Amino acid sequence: MKANEANLLDLMGVAKMQFIIPVYQRVYSWGVKECAVLWDDVMRAGRDNAAHFVGSMLYIPESESSATSISRVLLIDGQQRMTTFSLMIAALANYLESNPDEAGFLGDLKISALRKNYLFNDDDYNGLARYKLVLSQDDKGTLFSIVSGSPMPDDKSDRIVENFAFFCEKMHGKSFDPARLWAGLNRVQVIDTKLTAGMDNAQLIFESMNSKGKPLTPIDLIRNYVLMSLPNDEQTKLYEGYWHPIERLFGQGGEDEFNAFIWYWLWLKVPNRLPKENEAYHEFKRYFADDYDGDTEGLLKELREYARRYSSLFLGKEEDGDLRRVFARIASLDVKQIRPLLMLLYSVYEQGTIDRSAFLRICETIESFLFRRAVCGRLTTGLNNFFAGMYRGLEDQNDIEEYVTAMLLIHNNSMTAYFPTDEDFTEEFRTRDCYNRFSKKRYYLERMENWHHPKEPISADDYQIEHVMPQTIDDEHGWKESLGANWEDIHDRLCNNLGNLTLTGYNQEYSNRSFSNKLNLPDTGLKCSPLYLNKSIASHEEWGEKEIKQRAVELAKEACKIWKYPNLPTEAVDKYRPSRGEAGEAITWTLQENHPTFAEGGLNRKLYEEVRESILSAQPTWESYITRYYVGFRSDKRKLHAVLKGRTSKGGWIAVGLAKSVDDLVDPEDMCQDKRPQGGFGPGLPTYVALRSADDIPAVLELIEQC
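First, a word on scope: everything that follows refers to the structure included in this document.

The next subject is the overall build of the protein. Check the secondary structure of the protein and you find 30 helices and 14 strands. Here the C-alpha coordinates of the protein stretch approximately 90 × 75 × 60 Å along the principal axes. Relative to its 707 residues, the protein shows a buried fraction of 52%. The contacts in the protein between residues at least 6 apart in sequence include a share of 69% that link residues at least 24 apart. Summed over its atoms, the accessible surface of the protein is roughly 33,100 Å², and 45% of this surface lies on carbon and sulfur atoms. A distance of 2 Å separates the average location of the 85 positive side-chain charges in the protein from that of its 107 negative side-chain charges.

If you want it as structure tokens, here you go:
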């Protein structure tokens, strides 16, 4: 490896040298934000007459070349900066060609030399050999069009076009000084790093380098890791046959979704390791090196197939209409933990292990599970591990539909993955605030409407959510009189209730009007609405507490038919329930059996629910779990933060164990007791706090958050 400090323009201007972006490199990913930073840096260097360092240009010769041919090098690190500087120089050339009187600062250098020296090799070369920089398949045509002034390709790269437009716009500003820009460009310094083929490990060098610019994502690192060490012909074959089709599934701007897909796929491959999203690259390398027993092509083929399934499930690319609709509904519920399980279910469906009808029913059951939990305020914390347990054994089951359904039913209401019963679901749905802090409101209104006419579905995005009793009660429209003397109480309790919400295209027209006006407006009133949701509203002449509650009850009952609770016999569920005490099998501890004061009807039930909800709301990455002796709160399945134990003396209260000593805690209320002389409140719990009422929760929560 040879590394020398060099001037960027000198490197770009080397005669008959062409920089080629290898197929394993990411596409051009800088946005206007990065371009703006670079622009300011270059203009500052021109103003201050000071060198500006932008990092390393790392490249390796592609092959031996003759004295008369182009010398091609693979640019391993530096694509983002070299592409952006090429766009900046192309924009400057355009500007000076339109304003030749301002080009005096170039001295003896012609304006045309900007293109010939830094963007082209020589007009005598044909095809790709003409260009100084050759980007990847999705980007190169756009860059070629910009530097040569030719028409844009149909599938142009939006980022390249936007960034070039940004530089052009900057150069048309009133204060733009082309001489200052040129001076700055001449002061840009790089580390010119040339690797020796067959001697230097490009992958290791690439990983260890830190360059200024946009950080590499797990996808960038994985692609490089898989392809970089292969011969060029093999790289091209695997990239064009497998990796590039995956990239096209996610589209321009889909890097975050692509990165997430890799993480979900790793959960299927190594669920026992509980892979973390920010460690996806390292988990992938470990899997490829230690666990995978096939070749690179086999791995990429599998990734392509799972990416295709992922795009069908979550990116709207499923061709089967019924499947596409249920996939879209599940995706709109936005519970990411379910995605690996659905990817595996799609795989066994494609293999013919389950038929289409069974797959549809499973998806609808999963949809019901997720929505019922959302209505009942159940957090998603801990679901990753729960679902991982499901797909570890899924492919070995004789009846996959029964297995998935039963597994969704094995948790009771004190456990992580509880499937709310009809009783719990209807009670919560008809009484909760279904508008504020409930992100699923458009989903459920659309679903309830379309359930009545599935062959003529509507999209809630085409409508507004209407509060029949308006959100604002004024003195003008008679709502106070129609609601009665306790109108404020009725409004506070029921404005955002299920029974008071519907869809309309005329929200602005309705505004705060009286109920009679909303019903009878010519052509637009609720009596004219074709929507099923509005029929029961239009059947009333008055609208108040009784009507709202009645409609909420009716809709909640109907919801049980839409989001069904599985009808699976108890003996079928019990087949999959972990047995207590059997060797090698986990024991399931419950509130009812082990912590009855926390269970339904228990002495500390209300206080327990309040403190548990407060902890998990403040720490969404923590998991609540039950052991024989306490209810604990942990993160990453290992780090214990705090525990709760019920106490029955003096009317009931909760003992809290903390994972930090009193010496390390800020305790302004002097609530902590040092339990180290007694060996701790429990293993790893040196501190004890008494939680005696809901008034103590804020102070106790502050202590828990320090642990």
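Before going further, it helps to spend a moment on the packing of helix 3 (residues 79-98) against helix 6 (residues 158-171). Each pair of packed helices can be described by the angle between their axes along with the distance between the axes. Axis separation between helix 3 and helix 6 bottoms out at 9 Å; the angle between their running directions is 45°. Taken together, the axes of helix 3 and helix 6 lie oblique to each other. In this structure, helix 3 meets helix 6 at a crossing whose hand is right-handed. Here Thr84, Leu87, Met88, Ala90, Ala91, Leu92, Asn94 and Tyr95 of helix 3 come into contact with helix 6, specifically with Ile160, Asn163, Phe164, Phe167, Cys168 and Met171. Of the residues assigned to the contact of helix 3 with helix 6, the class counts are 11 nonpolar, three polar and no charged.

What follows covers the nonpolar core. The biggest cluster of nonpolar side chains holds 107 residues, and the ones touching the most others in it are Phe261, Leu345, Phe429 and Tyr444. Those residues within four positions of Leu345 in sequence are excluded, and the remaining contacts are Ile354, Phe359, Ile362, Ile366, Leu394, Ile400 and Val404. With 65 residues, the next largest nonpolar core counts Met57, Met88, Ile111 and Leu195 among its residues.

The next point concerns the packing of helix 19 (residues 422-431) against helix 26 (residues 545-562). One can describe the packing of helix 19 onto helix 26 by two numbers: an axis separation of 9 Å at closest approach and a directional angle of 140°. As for how helix 19 packs across helix 26, the hand of that crossing is right-handed. Within the contact between the two elements, helix 19 uses Asp422, Phe425, Thr426, Phe429 and Arg430 and helix 26 uses Ala552, Val553, Ala556, Ala559 and Cys560. The residue inventory of the contact of helix 19 with helix 26, partitioned by class, reads seven nonpolar, one polar and two charged.

Another point: the layout of surface pockets. Considered as a void within the structure, the largest pocket measures approximately 1,400 Å³ in volume. Cys376, Gly377, Arg378, Leu379 and Glu613 are, among the 38 residues lining the largest pocket, the residues nearest its centre. Listed by contribution, the elements that provide at least two residues to the lining of the largest pocket are helix 16 (356-375), helix 19, helix 29 (605-618) and strand 9 (623-626). In terms of residue count, helix 29 provides more of the lining of the largest pocket than any other element does, seven residues in total. Classifying every residue of the lining of the largest pocket gives 14 nonpolar, nine polar and 15 charged.

All right, on to a negative patch on the surface then. Together, Glu669, Asp670, Glu702 and Glu705 give the surface a local cluster of negative charge. Accessibility expressed as a relative area gives 66% for Asp670, which makes it exposed.

The next subject is the packing of aromatic side chains. For the structure on display, the rule yields 48 aromatic pairs. Ring geometry for Phe371 and Phe429: centres 5.7 Å apart, planes at 80°, overall edge-to-face. Of this pair, Phe371 sits in helix 16 while Phe429 sits in helix 19, and the two are 58 residues apart along the sequence. Judged by its relative accessible area of 0%, Phe371 is buried. Classification of Phe429 as buried rests on a relative accessible area of 0%. Among the aromatic side chains, those forming a connected cluster through ring pairs are Trp243, Phe250, Phe258, Phe261, Trp263, Tyr264, Tyr310 and Phe314. Taking NZ or CZ as reference, Lys675 lies 5.2 Å from the ring centre of Tyr688, over its face.

Moving on to the sheet that holds strand 13 (residues 673-674). The strands that make up a sheet pair up through hydrogen bonds in the backbone, lying either parallel or antiparallel. One open sheet holds the six strands; their spatial order is 9-10-11-12-14-13, and the pairing between them is antiparallel. Edge positions in the sheet fall to strand 9 and strand 13, since each of these pairs with one other strand and no more. Bridging between strand 13 and strand 14 (residues 687-691) involves two bridges; their strand directions are antiparallel. Paired with Asp674 across the two strands is Thr687, which belongs to strand 14.

Relative to the assigned elements, Tyr118 resides in helix 4 (residues 112-118). With 28 residues separating them in the primary sequence, Tyr118 and Ala90 have C-alpha atoms 9.1 Å apart. When near neighbours in sequence (up to four residues on either side) are disregarded, Tyr118 contacts Leu9, Met12, Gly13, Ile89, Ala113, Lys132 and Trp182.

On to the environment of Glu318. Along the polypeptide, Glu318 turns up in the loop between helix 13 (296-314) and helix 14 (321-333). Its relative accessible area of 9% is what places Glu318 among the buried residues. For the pair Glu318 and Lys575, spaced 257 residues apart in sequence, the C-alpha separation works out to 34 Å. Not counting the four nearest positions on each side in its chain, Glu318 is found in contact with Ser312, Leu323, Arg324, Phe327 and Tyr346. A distance of 2.4 Å separates polar atoms of two side chains, one belonging to Glu318 and the other to Tyr346.

This paragraph deals with helix 10 (residues 232-250). Residues spaced three or four apart along an α-helix face the same direction, because each turn holds 3.6 residues. Here helix 10 spans 25 Å end to end across 19 residues, near enough to the 27 Å set by a 1.5 Å rise per residue. Remark: the principal bend of helix 10, roughly 50°, maps to Tyr239. Burial in helix 10 covers these residues: Gln235, Leu238, Tyr239, Tyr242, Trp243, His244, Ile246, Glu247, Leu249 and Phe250. Looking at the buried residues of helix 10, the elements they touch are helix 9 (218-227), helix 11 (255-269) and helix 13. Of the residues trailing helix 10, Gly251 is marked for its positive phi of about 75°.

Another aspect to go through is the pairing of strand 8 (residues 501-504). Alternating residues of strand 8 divide into Leu501 and Leu503 and Thr502 and Thr504, and every residue in both groups is buried. Across four bridges, strand 7 (residues 464-467) lies against strand 8 in antiparallel orientation. Paired with His467 across the strands is Leu501, a residue of strand 8.

Here we come to helix 30 (residues 697-705). All of the buried residues along helix 30 are Ile697, Ala699, Val700, Leu701, Leu703 and Ile704. Those residues of helix 30 that are buried are in contact with helix 29, strand 11 (639-647), strand 12 (653-658) and strand 14.

Considering all chains together, one arrives at 36 salt bridges under this definition. A salt bridge links Asp77 to Arg81; the shortest N-O distance between them is 3.6 Å. Of the two residues, Asp77 and Arg81, both sit in the buried class. A salt bridge links Lys336 to Asp334; its shortest N-O distance comes to 3.5 Å. You can call Lys336 partly exposed: its relative accessible area is 34%. By sharing partners, the salt bridges in this structure join Arg304, Glu305, Arg308, Arg309 and Glu350 into a single network.

Definitions and cut-offs
Residues numbered from 1 in each chain as written. Predicted model: local features only at pLDDT ≥ 70, side-chain atom pairs only at ≥ 80, totals over all residues. Heavy atoms only, no water. Helix = DSSP H or I, 4+ residues; strand = E, 2+ residues; numbered from the N terminus. Buried < 20%, exposed > 50% of the residue type's maximum accessible area, 1.4 Å probe, protein only. Contact = heavy atoms within 4.5 Å. Areas by Shrake-Rupley, 256 points an atom, 1.4 Å probe, with all protein chains shown as cover. Lys, Arg positive; Asp, Glu negative; His and termini not counted. Charge placed at Lys NZ, Arg CZ, Asp CG, Glu CD. Axes fitted to C-alpha atoms, helices over the stretch in contact; angles between N-to-C directions. Parallel < 35°, antiparallel > 145°, perpendicular 65-115°, else oblique. Left-handed = near helix turned anticlockwise from the far one by under 90°. Nonpolar A, V, L, I, M, F, W, Y, C, P; charged D, E, K, R; others polar. Core = buried A, V, L, I, M, F, W, Y, C linked by side-chain atoms within 4.5 Å. 1 Å grid on protein atoms, 1.4 Å probe; cavity = no way out; pocket = protein on both sides within 12 Å on 5 of 7 lines; lining within 4 Å. Points joined across faces, edges and corners; volume = space filled by probe spheres on them. Patch = residues over 30% accessible without salt bridge, like charges linked within 9 Å, V, L, I, M, F, W, Y side chains within 5 Å. Salt bridge = Lys/Arg side-chain N within 4 Å of Asp/Glu carboxyl O. Phe/Tyr/Trp six-rings, centres within 6.5 Å; stacked < 30°, edge-to-face > 60°. Lys NZ or Arg CZ within 6 Å of the ring centre and 35° of its normal. Pairing = 2+ DSSP bridges. Polar contact = N/O pair within 3.5 Å; in protein donor to acceptor, adjacent residues only side chain to side chain. Expected span 1.5 Å × (residues − 1). Bend = angle between axes of the 7 residues up to and from the residue.

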